[in-house]
Amino acid sequence: MAEKFDAIVVGAGVSGLAAAYTMAKAGLSVIVIERGQYPGSKNVMGGVLYRHMMDEIIPDFWRDAPLERPVVEQRFWFMGRESVVQTGYKGMEWAKPPYNNFTVFRGKFDQWFAKKCIEAGALIINETVVEECLIKDNKVVGVRTDRPDGDIYADVVVLADGVNSILARNLGFHREWRPNQVALAVMEVLKMPSERIEERFNLDKGMGATIEIFGDGTLGMIGTAFIYTNKEHISIGCGTLLSQIREKHIKPYELLEYLKQHPIVRPLIAGSEPCEYYAHLIPEGGYDSIPKLVGDGVLVVGDAAQFVNGIHREGSNLGMTSGHFAADTIIHAKKIGEYDERALSHYRDVLYNSFIIKDLKKYRNASHTMEANPKFFNHYIPASNKAMSEMFIVDGKSKADRQRLAFERITEGRSKLGLVSDMLKIWRAVK
Ligand SMILES: Cc1cc2nc3c(=O)[nH]c(=O)nc-3n(C[C@H](O)[C@H](O)[C@H](O)COP(=O)(O)OP(=O)(O)OC[C@H]3O[C@@H](n4cnc5c(N)ncnc54)[C@H](O)[C@@H]3O)c2cc1C
């Protein structure tokens, strides 16, 4: 007779591991099935990991986990061809416990998290692909893997298989994502001595900074680029909607090379040595792309559920929290001995009352508005750079003349009414 567990988790990313840890800690028998060589081997993140959500799963995890740097500064760059308009926040309250967030390498962090799951009692099987969900009487009862005799049974299957979630698609929970529902992101890890990182980014020893870049960093396409500091490495990357990359006929690595050569970026990374290169999709469909989340004997969490807030660069925290919520629902389901859609729908109710769905709903129109108005990225950002340049030139013109010239740069080719209408659009999309 094939083995039966309380729960099977497909995917050992942060979402699946959060679900597995919570269930194993509560005494459930849990198996995690991961296709990669080890947890973290297939997982890509910039990556900023948010302390609060992880603390709710493993309190004070940061004392023990392999973290790179606590982030004390978040910068935002609106980049022109040879210039940048900047804003951001640096706060030394983030330099000490309990911290706000940290940079991490998922290859290390997920392995550590997986070890915690094993200590809590979960079983983790690597290098195994789940090919399909097993269905009996319209209920998911287990999974078929690519191992010989690879059928495994459970009361509940948690799909934490990431952005493509072929398993959820095969259950009819969502269609194939359209090119404007996912971003293609590429990133490199560059080696640099820690003292040089601290000098270049104006950081105290051990502290970290993040830079989010809009405008020329993605050649004016809808998306963001980023530079994050690790202990002895810089992570640099960029991502844009797949639809935009296709339209522009540009190759992702060309975009990253352009970013690395940009005159504002180049001095920050000069002398560094490329170590690793990654490419991965990011769910960008937001609220309107959330698939069916619950079925008889099955729940969907993390990227598989499209839980990424692209405006705030949050994904790992939405993933962990949804994994945690799914686990709590399953723990309760075990108590009452019911695993049908009605019993498991508690997961959906909790999600809809949480920051996850509230935030995705708040920004539901942001991506569509930007896609319909590419000028926010390819006109207004370069124009704001030219306007700032006009403001700061000292050449004998009066300040009133300088202000007029700056305003002309912003409105170039547009009426004042058009400008007001555009600003209203962007405000409505992110308010
Ligand atoms: C370039 C980039 C930068 C990012 N930066 C940030 C950031 O700074 N901060 C942040 O919070 N988020 C960031 N994100 C998003 C974040 O990485 C994701 O939201 C997060 O990894 C989602 O975790 P997950 O566990 O749901 O999915 P994943 O981490 O993708 O894990 C899914 C797992 O399932 C496994 N799997 C898939 N199919 C199968 C199968 N059939 N059988 C067995 N195993 C399977 C995969 O191998 C994988 O290990 C970034 C994403 C990218 C691509």
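Residues numbered from 1 in each chain as written. Predicted model: local features only at pLDDT ≥ 70, side-chain atom pairs only at ≥ 80, totals over all residues. Heavy atoms only, no water.

Regarding the overall build of the chain
Point 1. The secondary structure content of the chain amounts to 16 helices and 17 strands.
Point 2. A compact globule built from 431 residues should have a C-alpha radius of gyration of about 22 Å, and the chain, at 23 Å, falls within 12% of that.
Point 3. In terms of principal-axis extent, the alpha carbons of the chain reach across some 85 × 50 × 40 Å.
Point 4. Counting over 431 residues, the chain shows a buried share of 55%.
Point 5. Element-wise, carbon and sulfur atoms account for 52% of the exposed surface of the chain, whose accessible area totals about 19500 Å². (Helix = DSSP H or I, 4+ residues; strand = E, 2+ residues; numbered from the N terminus. Rg over C-alpha atoms; globule rule 2.2 N^0.38 Å. Buried < 20%, exposed > 50% of the residue type's maximum accessible area, 1.4 Å probe, protein only. Areas by Shrake-Rupley, 256 points an atom, 1.4 Å probe, with all protein chains shown as cover.)

Digging into the environment of Pro 98
Point 1. Here Pro 98 is to be found in the loop between β5 (84-90) and β6 (101-103).
Point 2. Separated by 38 residues in sequence, Pro 98 and Asp 60 have C-alpha atoms that sit 8.2 Å apart.
Point 3. Excluding residues that lie within four positions of it along the chain, Pro 98 makes contacts with Arg 51 and Trp 62. (Contact = heavy atoms within 4.5 Å.)

Details of the site of the ligand
Point 1. As a structural note, the neighbourhood of the ligand is formed by 34 residues, with Ser 15, Glu 34, Arg 106, Asp 303 and Ser 316 the closest of them.
Point 2. Between the ligand and Asn 43 there is a distance of 2.9 Å, counted from an oxygen atom to a side-chain nitrogen or oxygen.
Point 3. The backbone of Gly 315 places a nitrogen or oxygen atom 3.0 Å from an oxygen atom of the ligand.
Point 4. For the ligand, the accessible surface in isolation is 1000 Å², of which the surrounding protein chains cover 94%.
Point 5. Looking at the shell around the ligand, the elements with two or more residues in it are α1 (14-25), β3 (48-50) and β15 (273-283).
Point 6. Classifying every residue of the shell around the ligand gives 14 nonpolar, 12 polar and 8 charged.
Point 7. A domain-level breakdown of the shell around the ligand finds at least three residues from each of domain 1 (4-67 + 104-176 + 289-363) and domain 2 (182-283). (Near = heavy atom within 4 Å. Polar contact = N/O pair within 3.5 Å; in protein donor to acceptor, adjacent residues only side chain to side chain. Nonpolar A, V, L, I, M, F, W, Y, C, P; charged D, E, K, R; others polar. Domains from an automatic or database assignment.)

Considerations on helix α12 (residues 355-362)
Point 1. Every buried residue of α12 is listed here: Ile 356, Ile 357 and Leu 360. Along the axis of α12, the buried residues cluster in a sector spanning 85°; they form a single face.
Point 2. Of the surrounding elements, those touching the buried residues of α12 are α9 (316-336) and α11 (346-352). (Arc of directions from axis to C-beta.)

Looking at the domain arrangement of the chain
Point 1. Per the domain assignment, the segments of the chain are domain 1 (4-67 + 104-176 + 289-363), domain 2 (182-283) and domain 3 (373-430).
Point 2. For domain 1 versus domain 3, the distance between C-alpha centres works out to 45 Å.

Remarks on the pattern of salt bridges
Point 1. Taken as a whole, this structure holds 32 salt bridges when the rule is applied.
Point 2. Of the charged contacts in the structure, one is a salt bridge between Lys 116 and Asp 64, with a shortest N-O distance of 3.2 Å. With Lys 116 in helix α3 (residues 106-120) and Asp 64 in the loop between α2 (51-57) and β4 (71-79), this pair connects stretches of sequence that are 52 residues apart.
Point 3. For Asp 64, a relative accessible area of 46% puts it in the partly exposed group.
Point 4. Linking Glu 412 and Arg 409 is a salt bridge whose minimum nitrogen-to-oxygen distance equals 2.8 Å.
Point 5. Glu 412 sits in the partly exposed class, given a relative accessible area of 35%. (Salt bridge = Lys/Arg side-chain N within 4 Å of Asp/Glu carboxyl O.)

Re the nonpolar core
Point 1. With 87 residues, the main nonpolar core has Met 23, Phe 61, Phe 109, Phe 113, Phe 307 and Tyr 347 as its most contacted residues.
Point 2. Counting only domains with at least three residues in this core, you end up with domain 1 (4-67 + 104-176 + 289-363) and domain 2 (182-283).
Point 3. Ignoring sequence-local partners within four residues, the contact set of Phe 307 consists of Ile 290, Leu 293, Gly 302, Gly 315, Leu 318, Ser 322, Tyr 347, Leu 351, Ile 356, Ile 357 and Leu 360. (Core = buried A, V, L, I, M, F, W, Y, C linked by side-chain atoms within 4.5 Å.)

Notes on the sheet that holds β5
Point 1. Spatially, 7 strands are ordered β5-β4-β12-β13-β14-β11-β15 in an open sheet, and the strand pairing comes out mixed. Each edge of the open sheet is held by one strand with a lone partner, namely β5 and β15. Averaged over neighbouring strand pairs, the angle between their axes works out to 15° when direction is ignored.
Point 2. As paired elements, strand β11 (residues 182-191) and β15 share 10 bridges and run antiparallel to each other. Bridged to Val 189 within β15 is Glu 276.
Point 3. Most of the contacts of helix α7 (residues 252-261) go to strand β14 (residues 233-241), to which it runs at about 130°, and overall it touches β4, β11, β12 (208-215), β13 (223-229), β14 and β15. (Pairing = 2+ DSSP bridges. Axes fitted to C-alpha atoms, helices over the stretch in contact; angles between N-to-C directions.)

Examining the environment of Trp 77
Point 1. With respect to the helices, strands and loops of the structure, Trp 77 is situated in strand β4.
Point 2. As for Trp 77 and Ile 197, which are separated by 120 residues in sequence, their C-alpha atoms are 18 Å apart.
Point 3. Once residues lying within four places of it in the same chain are set aside, the contact partners of Trp 77 are Val 84, Val 85, Gln 86, Ile 211, Glu 212, Ile 213, Phe 214, Ile 264, Val 265 and Leu 268.
Point 4. Of the polar contacts made by the side chain of Trp 77, one reaches the side chain of Gln 86; its length is 3.5 Å.

Things to note about the side chain of Ser 165
Point 1. Among the structural elements, Ser 165 can be located in the loop between β10 (151-159) and α4 (166-170).
Point 2. A relative accessible area of 1% means that Ser 165 is categorised as buried.
Point 3. Each residue touching Ser 165, except ones within four places of it in the same chain, is listed here: His 174 and Ala 304.

A closer look at the packing of helix α14 (residues 375-392) against helix α16 (residues 416-430)
Point 1. Where α14 contacts α16, the two axes come as close as 13 Å, and the packing angle between them is 125°. What the angle tells us is that α14 and α16 run oblique. Once α14 is placed against α16, the crossing between them reads as left-handed. In contact with Lys 375, Phe 376 and Tyr 380 of α14, α16 contributes Gly 418, Leu 419, Asp 422, Met 423, Lys 425 and Ile 426.
Point 2. Of the residues in the contact of α14 with α16, the class split is 5 nonpolar, 1 polar and 3 charged. (Parallel < 35°, antiparallel > 145°, perpendicular 65-115°, else oblique. Left-handed = near helix turned anticlockwise from the far one by under 90°.)

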